[in-house]
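What the coordinates show
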Amino acid sequence: MANDKGAGDLVPVDPEHSAPTSAGTAVVHRDAVQNPGLPPHRLRVGDLDPKKADRTERGISILFYISIVASIGAIVSYFAFPIIPDNPASVRLNTLFLGASIALALLTIGIGVVHWGKALMHDHEGVDVRHPVRGSDETRARAVEIFDQANKESGFGRRALLRNSLIGAFVAFPLPAIFLFRDLAPTSDDPAAELRHTMWDKGVRLTRDPDGAPIKASDVTLGSAFHVIPEGLNESEHKLEEKAKAAVLLMRLKPSDFNVSPGREDWNYDGIVAYSKICTHVGCPVALYEQQTHHLLCPCHQSQFDIKNEAEVIFGPAKRPLPQLPITVDAEGYLVARSDFTEPVGPSFWERGDYDNN
Amino acid sequence: MPTARNADARRIRRAASAKGRTARVKRGRRSPLATVALLAIGLMFTGGAYALFSASPSDNGAVAASQENVERGQKLFAANCATCHGLALEGTEAGPTLLGVGAASVDFQVGTGRMPLMNQSPQAPVKPVQFTEEDTQALADYVASLAPGPAIPSAEYLQADGDATHGAELFRINCAMCHNVAGAGGALTEGKYAPELHEVTPQHIYEAMLTGPQNMPVFNDANITPEDKRDIITSLVYMRENPSPGGFELGSLGPVAEGLFAWVFGIGALVALAVWLTARSN
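Residues numbered from 1 in each chain as written. Chains lettered and ligands numbered in written order. Predicted model: local features only at pLDDT ≥ 70, side-chain atom pairs only at ≥ 80, totals over all residues. Heavy atoms only, no water.

Turning next to the overall build of chain B. Within chain B, the secondary structure is distributed over 11 helices and two strands. Along chain B, helices and strands appear, N-terminal first, in the series α-α-α-α-α-α-α-α-β-β-α-α-α. By the burial criterion, 35% of the 282 residues in chain B qualify as buried. Total accessible area on chain B is roughly 16800 Å²; 64% of this is exposed by carbon and sulfur atoms. (Helix = DSSP H or I, 4+ residues; strand = E, 2+ residues; numbered from the N terminus. Buried < 20%, exposed > 50% of the residue type's maximum accessible area, 1.4 Å probe, protein only. Areas by Shrake-Rupley, 256 points an atom, 1.4 Å probe, with all protein chains shown as cover.)

Here it is as C-alpha cells:
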C-alpha cells in the first residue's frame, strides 16, 4: 500500500531529481516546455508585520459583527415591514429587507471566514501528489478473493432459485407506478374522442370571453377582434378543459380581402370568420392578430397564420392551418356555430390520422 | 562617521519604504474594480441624464369644436396631411382614407406623435409631438366634421377609478398577448411591435382601443364597453403606480431580461467570488 501514499511535503518540481522519486508520477516525459515548478513562497503582509495581522483580525471581526447586526436587522425588518393585505408595495419592502439582511448576514460570515483563512491562517503549502487509479496487484487479487468468498458464503451463484426470485421481485417493484401514473392521462376510455370534439355544436352562440355575453353580427365591425367562448362555458363542469379546446378568435375582414375554398362558402358570415385559438403546433393560444396584414402570430414559437388564406401557415413550426369554426346568425341576429369544428383542434396526437374514417 | 552612516542607512530605508508605498498605491489604482466602478458610474450618469431629458409632455384638455376650429383644422390638414391622405381625406397610395376614422383616431395618431409619419416603415413609432394641443384638436374637429366616427372619449371614463381586478382580467384576455401582461409591450411580425403602455395617457389608451390604430384590432363598445375600457385603464394605471410585489421588474420583459441579468450579474458575481477565493492573499 506504499503506493497509495499521496500527501507529502512541498518539493519544488525540479526535473533533475524530483521525477524519479515522485510517488505518483508514472512517467515523466521530456516536454518541449520545461515544468516551471511552483513559484517561490511569498510571505503575506500579515506574516511580515504583526500589526497588519492585527488590523486584518479586527477587520474580519467587524465583518462578523456586521453579520450579527444584519441577523438582528432581519428580525427587526420582519416586524418593521409587515405584509399588509392588498398592498403589493408592502410585500416588496418585506421581501427586500428580509432578503437583503439575511443575505448580508450570511455573506459577511462567508467573506470573513474565507478572508481569515487566506490572510491569517498558516499558509504552509503542501502538495498532494496524484496517485495512480489502478490498485496494486495484491489489492486487486484480494478484491477478487473477497467477491469469491462472498459468493461462496451467500450462495448467490449456487442458489439460483433465491437469486432469480430476488431479481424478479426487483423487476416487479416499479410496476405499480405504471398504473398510478397512468391516471395522469385523460380518464375517459377514449381520450382521442375527447380531443376530437369541443363544446361547439349546431346553434351554440358565440359569446364574449370572459362574461359570456352573446355577440351580434352587427357588433363585429371591420378590423375588430373578439375573443370568444361557447355559450354556457362558464357554467360547464370542466370549464378550463373545455375552454382549452373551444377558445375561438372572431375577426371581420372585407369579403374581398380573403379567399374561400370550395365547401367553406357558408362558413363565414358577411366577412366575419372564426378560427380556433389553439395553435396546431403545441397548443399555445394564438391571439396576436394584426388587423392590417390579417396575420395571426403564435407567441410561443412564432408560427404565423394568414387569415386571408384560411389560416394557412406562412411561417414557423406549425404544420396545419388553424381549424375554422363554421358560423352563421340565428333569428335574433346573434352569431352561432353551424357545427363543431370539422377537424380536431390543437396539436397532433397519435390517433388524429384516422379522424376522417370516423 | 558611524552615526552619519546610520543616518544615511535610515534615509535610504525610508526612501525605499516610501517607494514601496507609492508602488502599492499605483497597483491599487490599477485594480480591475476601479474600472468596473468607473463604468458603473458613467452608465448611471448617462442613464440619469437621459431620464431627465426625455420627460414626456403633459396631456391635453378638451376644446369645444367650433366652426372656427374646423376651418383652422382644414388649413392645417391641407398643409401637413393631405400629401398622403388626400385633400378630401380620400386617401392616396401613400396613406389610407381618413373618412370615418373620427376625432379619436386623429387625437391618438397626432397626439402621440405617430403622425405626421416620419417615413414609410413597418410601423409608425411614437415620437415628439409635432402639433400643439389646440392644433391637434382643430385637426380632429376637421376630420370629424366630414364623416361620423368615434369621438374623443369623455373624461368620466379616463379617471382610472374603475374596477382594477376586472380590468386586469379583460386586459389579460384581450390585450396581454401582444402588449405583455404587465403592459411592457412586445414584438410582432416583420418589424412591427405592440408598444409599451406605461407612458401612454388614459385618453390615448382609450382611443387606441376604440379605433385600432395600425395593426391593433378594433375593440368597439360592443366588444369592450366604455365601463370595461375604464376598468382596463384603471388596471394599467394601478400597475403603473404600484411597484411590482416581485421586486425589480427589469422591464417586465420576462425570461429574456431576467436571464440576461442572471447571466451577467449572477454568474458574474460567482466568477468574481471564485477568482477571489482562489487568489493568494497578499
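There's more to say after this.
Before going further, it helps to examine the nonpolar core. Nonpolar side chains tend to gather and get buried jointly when the protein is soluble and globular. With 22 residues, the main nonpolar core has B:F171, B:I205, B:Y206, B:M209, B:I232, B:I233 and B:L236 as its most contacted residues. Secondary-structure elements contributing two or more residues to this core are α5 (102-111), α7 (164-174), α9 (202-211) and α10 (226-241) of chain B. Formed by 19 residues, the second largest nonpolar core is a distinct cluster that contains A:V204, A:V228, A:A246 and A:L335. (Core = buried A, V, L, I, M, F, W, Y, C linked by side-chain atoms within 4.5 Å.)

Okay, the pairing of strand β4 (residues 225-230) of chain A next. Residues and elements named next belong to chain A. In terms of residue burial, β4 counts as a mostly covered element, since six of its six residues are buried. Where burial is concerned, the two faces of β4 agree: the one with A225, H227 and I229 and the one with F226, V228 and P230 are both buried. Examined bridge by bridge, strand β3 (residues 206-208) and β4 share three bridges and lie antiparallel to one another. Within β4, the position partnered with T207 by the bridge is I229. The pairing of β4 with strand β5 (residues 248-252) spans four bridges and is classified as antiparallel. Within the sheet, the bridge partner assigned to V228 lies in β5 and is V248. (Pairing = 2+ DSSP bridges.)

All names here are of chain B. Under the defined criterion, the tally for this structure stands at five aromatic pairs over all chains. Consider the rings of F77 and Y142, whose centres lie 5.5 Å apart with planes at 55 degrees: the pair is tilted. Taken together, the residues F77 in helix α3 (residues 67-80) and Y142 in helix α6 (residues 133-146) connect sequence positions 65 residues apart. F77 sits in the buried class, given a relative accessible area of 2%. Y142 sits in the buried class, given a relative accessible area of 6%. Between the aromatic rings of F261 and F265, the centroid separation amounts to 4.9 Å while the plane-to-plane angle is 35 degrees, which identifies the pairing as tilted. Placement of the pair is F261 and F265 together in helix α11 (residues 255-278), with a separation of four residues, close to one helical turn. Looking at F261, the relative accessible area reads 42%, which means it is partly exposed. Residue F265 is classed as exposed on the basis of its relative accessible area, which comes to 51%. (Phe/Tyr/Trp six-rings, centres within 6.5 Å; stacked < 30°, edge-to-face > 60°.)

Residues and elements named next belong to chain A. For the structure on display, the rule yields 17 salt bridges over all chains. A salt bridge links R205 to E332; the nearest nitrogen and oxygen atoms lie 3.0 Å apart. Taken as a pair, R205 in the loop between α8 (191-196) and β3 and E332 in the loop between β11 (327-329) and β12 (335-337) lie far apart in primary sequence, 127 residues in all. Overall, R205 belongs to the buried group, its relative accessible area being 15%. Each of R44, D47 and D123 takes part in salt bridges that share partners, so that together they form one network. (Salt bridge = Lys/Arg side-chain N within 4 Å of Asp/Glu carboxyl O.)

Right, let's talk about the packing of α5(B) against α6(B) for a bit. All names here are of chain B. At a minimum axis separation of 8 Å, α5 and α6 run at an interaxial angle of 145 degrees. As for the relative orientation of α5 and α6, their crossing is right-handed in sense. Each of G102, A103, V106, D107, V110 and G111 in α5 lies in contact with α6, whose residues at this interface are T136, L139, A140, V143 and A144. Tallied by class, the residues present in the contact of α5 with α6 amount to seven nonpolar, three polar and one charged. (Axes fitted to C-alpha atoms, helices over the stretch in contact; angles between N-to-C directions. Left-handed = near helix turned anticlockwise from the far one by under 90°. Contact = heavy atoms within 4.5 Å. Nonpolar A, V, L, I, M, F, W, Y, C, P; charged D, E, K, R; others polar.)

All names here are of chain A. Checked against the element boundaries, K319 lands in the loop between β10 (312-315) and β11. Residue K319 is classed as exposed on the basis of its relative accessible area, which comes to 71%. In the structure, K319 is positioned 71 residues away from V248 in sequence and 19 Å away in space, judged by C-alpha atoms.

Our next topic: the domain arrangement of chain A. Domain boundaries assigned for chain A yield domain 1 (45-124 + 139-182) and domain 2 (193-352). Between the C-alpha centres of domain 1 of chain A and domain 2 of chain A the distance comes to 52 Å. (Domains from an automatic or database assignment.)

Another aspect to go through is the packing of helix α3 (residues 50-80) of chain A against helix α4 (residues 88-119) of chain A. Residues and elements named next belong to chain A. Close contact between α3 and α4 brings their axes to 8 Å; oriented N to C, the two are set at 160 degrees. On the basis of their axis angle, the class for α3 and α4 is roughly antiparallel. Here α3 runs over α4; the crossing is left-handed. A breakdown of the residues in the contact of α3 with α4 according to their chemical character gives 17 nonpolar, 10 polar and no charged. (Parallel < 35°, antiparallel > 145°, perpendicular 65-115°, else oblique.)

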